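# Observations on the model geometry
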Amino acid sequence: MSGFRIERDDASAPFFDATARGVLLLRRCPGCGAVYAPNRQRCRDRDDLEWVEASGKGVLVTWAVDHQDPLDPSLAGPDGHTSVFGFVELAEGPWLQVPIVDADPGVLCAGLPMVVRFVRPGGGEAIPVGAPVADG
Amino acid sequence: MSIESTYPLVVQTVAAEAAVLDRAAIAGLGITQVGRVYGRTAADFAAEAVRLAVVDAGLTLDDVDGMLLSNGITGGVELRLARDLGLRNLRLLSNVIAYGATATAQVQIAAAAVASGMASVVVCVHADAPLQAPGTSSGGVYSGAARTGAAKGLAAMAAASGVRSANNGYALAARRHMEHYGTTSEQLGAIAVAQRAWAAMNPLARFRDPITVADHQASRWVVEPLHLLDCCVVSNGGIAIVVTTADRARDLAQPPVYVWGAAQCHPGYTMARDSEFGLTTGAAIAGPAAMAMAGIAPADVDVRELYDCYTYTNLVTLEDYGFCAKGEGGALAASGALAPGGSLPTNTGGGQLSAYYLWGMTPVSEAIIQVRGHGGDRQVPVHDIVLVSGNGGTLDHHATLVLGSGPRS
C-alpha cells in the first residue's frame, strides 16, 4: 500500500499549481457562470471552462469508511487501517469527493461544517481533503 | 430540475399514448451454469445461453432475426457471436450498454422491435466471467483504481478520494439515505435476511443457508455503512431471453410472458447543491411511467424483482416505485413484507445478494420464472403481474419492465 502518489498531467497542471499554494480551484463556465467540481469537462453550450478559486468552506453531505488498506498513510482514518471519504458541498454549490481527515467517523453527520485542507500522498501532488471545522 | 417535479409530466405523457409493447412477449429463457464456474469465457457462456433460450422457446437458431448483446466487466460478448452461431441476415444486431440497467433495456428494445415489426424473434444475451480461478477475490475484480504506484491527474485524485470500487459510491448513497430518513443498518439487514430465505428455495442460488439480522450485523464491513451481507455476490455465467410477438409466443413451448409496460430514467444527478443522489433515483420516474403504460398501480403488482447490487438499492427502489412512502423503505423491509409469506414478495430467487449476479439478467430471469409459474418451492401463488427493475452506474441509469401472465386487456 506504500508508493501511491499522484502526478500531474497537462489537464490538471493548473489545478495542482493551486493546491501547492493551498488553494482549491473549481471550474466555471464563462458563458452561463455555472460553477462545477474540478473534474467537469464542459458545460451545456461550451467547452472552455475556466478555473476559479473556491472559498474552501462547505458542509458534509455524506461519507463512508473504506475498509480496504488506505492508499497512503496521509489518507488513513484515525485507526490507521481504514480511510474515510465523502462529499463536501462547497459554499459555491458543487459537491467535492474528498478524503476526510482528522475526524472520528462517529462525529460525522450530514450538514457538518467542513473546511478544505491539503495533503500530499506519497510526496506527490497536493490534493484537497475535508476536515470538520474545529469548534470553539 | 428535480425528479419529483418532472414526474407528473412524464406519467401523463406515457399514459396518453397507446401502448404497443403488449404486442411483444418473452418466449424463451436460457440460463447456463452460474456462479463459480471456471475455465469458460464470457463468449462461451453467451453462446450456450442463446442456444438454451432458443430451445426453451421451442424455436431454432434459424428463427432468430435479431440479437442484442451485453457484456459484463470482462468483455468478449461481441457482434461476431452472431456469425459464430451461424445467424444469417439478422434484421437487428447491437451491443447495448446501460450497466446494470442493460438487461431490462435489452428486453425493452427487443419488445419495441418486434411490436413495430422491425424484427420478429430477438435474442437478448448477457454473459460475464469475472471469476477466473479458485481463490480469486470476487470483490477485487470490480476494483478499478490503482492500488500502488504513481497515477495521473484528477482521475488519480478521485481514487485517493474514495472512488475505488462500486461499493464506495453505493456506500455514500446509502449513508445519505440513512442520515436523511433515519434508515438503519438493521433495516438493510432485513432485506438480506428476506432474500436469503427466498434463496434457500432456489437451486441456482450461490448462498442458501438462512441468515439473521445478527449475522448481517456481524458480517465484516466492506465500506461502512455496507456490511459484506449488504453486497451482491460475483458470478460467472450467461443468461439469454427470446422476445417475439405475443401472437407467435402463444404457439411456442412455454407460457408467454407478456410485456405490459416499459420505461427508463437516467436522472443525470448534478452532484451539487439540491442533488437528490442517494435519496431518490430514476425509479421514481421510470416506475410510475412503466406502470402507467401497463395500466396498473403498485397495489396491482404481485411480485417484485428489483435490482439489488446492494440491500440499499432494493430499498430505495421500493420507495421510488411507490410500495411505501419515501423514507419508509427501512420500516417496510423490517416488517417482513418482502420475505416468503409476506405481503410484498420481492426478489423471490434470492436476487443478486444471495443467488447470482449477472447484472440486470438476475431480476429479469427470476421474473420470467415467476410469471410462468416455474418457481418450484419458491413460486409465488399469485403471479399475474411482475415488476422488474434494472439499475446501472451509481444509480445513474434505471429501466423498468412490467410483465404479465396474460395479454394486457
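Residues numbered from 1 in each chain as written. Chains lettered and ligands numbered in written order. Predicted model: local features only at pLDDT ≥ 70, side-chain atom pairs only at ≥ 80, totals over all residues. Heavy atoms only, no water.

## Describing unusual backbone geometry
Only a minority of non-glycine residues have a phi that is not negative, and only a minority of peptide bonds are not trans. Following E224(B), the chain continues into P225(B) via a peptide bond in cis, with omega recorded as 10°. Inspection of the secondary structure puts P225(B) in the loop between β6 (221-224) and β7 (226-227). For D102(A), which is not glycine, the phi dihedral falls at a positive 55°. Judged by its relative accessible area of 59%, D102(A) is exposed. Phi at N347(B) takes a positive value of approximately 55°, unusual for a residue other than glycine. For N347(B), the position within the fold is in the loop between α12 (329-334) and α13 (351-354). (Helix = DSSP H or I, 4+ residues; strand = E, 2+ residues; numbered from the N terminus. Buried < 20%, exposed > 50% of the residue type's maximum accessible area, 1.4 Å probe, protein only.)

## Observations regarding empty space enclosed by the protein
By the definition in use, this model includes 3 cavities of 30 Å³ or more. Lining the largest cavity are 13 residues, and of these S83(A), A159(B), A160(B), G162(B) and R164(B) sit closest to its centre. Of all the elements in the fold, those that place two or more residues in the lining of the largest cavity are β6 (83-90) of chain A together with α5 (153-160) of chain B. For the lining of the largest cavity, the element with the most residues is β6(A), which contributes 3 residues. Taken together, the residues of the lining of the largest cavity break down into 7 nonpolar, 4 polar and 2 charged. Taken together, N202(B), E305(B), L306(B), N347(B), G349(B), G351(B), A355(B), Y356(B), T362(B), P363(B) and E366(B) make up the lining of the second largest cavity. Considering only residue class, the lining of the second largest cavity consists of 4 nonpolar, 5 polar and 2 charged. (1 Å grid on protein atoms, 1.4 Å probe; cavity = no way out; pocket = protein on both sides within 12 Å on 5 of 7 lines; lining within 4 Å. Points joined across faces, edges and corners; volume = space filled by probe spheres on them. Nonpolar A, V, L, I, M, F, W, Y, C, P; charged D, E, K, R; others polar.)

## Here's the deal with the side chain of T362(B)
Mapping T362(B) onto the fold places it in helix α14 (residues 361-372). Among residues more than four places away in sequence, those in contact with T362(B) are G351(B), Q352(B), Y356(B) and Y357(B). (Contact = heavy atoms within 4.5 Å.)

## As for the pattern of salt bridges
On inspection of all chains with the given rule, the structure shows 19 salt bridges over all chains. Note that R42(A) and D47(A) form a salt bridge whose closest N and O atoms lie 3.2 Å from each other. Here R42(A) falls in the partly exposed class, since its relative accessible area comes to 44%. Among the residues examined, D47(A) registers a relative accessible area of 54% and is labelled exposed. Because the salt bridges share partners, they merge into one network encompassing R5(A), E7(A) and K152(B). (Salt bridge = Lys/Arg side-chain N within 4 Å of Asp/Glu carboxyl O.)

## A short note on the confidence of the model for chain B
Low-confidence regions, as indicated by low pLDDT, have predicted coordinates that should not be scrutinised in detail. When pLDDT is averaged along chain B, the result is 93; 91% of the residues meet or exceed 70. On the interface metric, ipTM, the complex scores 0.97, and its pTM is 0.95. (pLDDT = per-residue confidence, 0-100.)

## Some details on helix α10 (residues 283-294) of chain B
Residue and element names in this part refer to chain B. Between its first and last C-alpha atoms α10 spans 16 Å; for 12 residues at 1.5 Å apiece the expected length is 16 Å, and the two agree. Here α10 has its buried residues at A283, A284, I285, A286, G287, P288, A289, A290, M291, M293 and A294. Just downstream of α10 lies G295, where phi reads positive at about 75°. (Expected span 1.5 Å × (residues − 1).)

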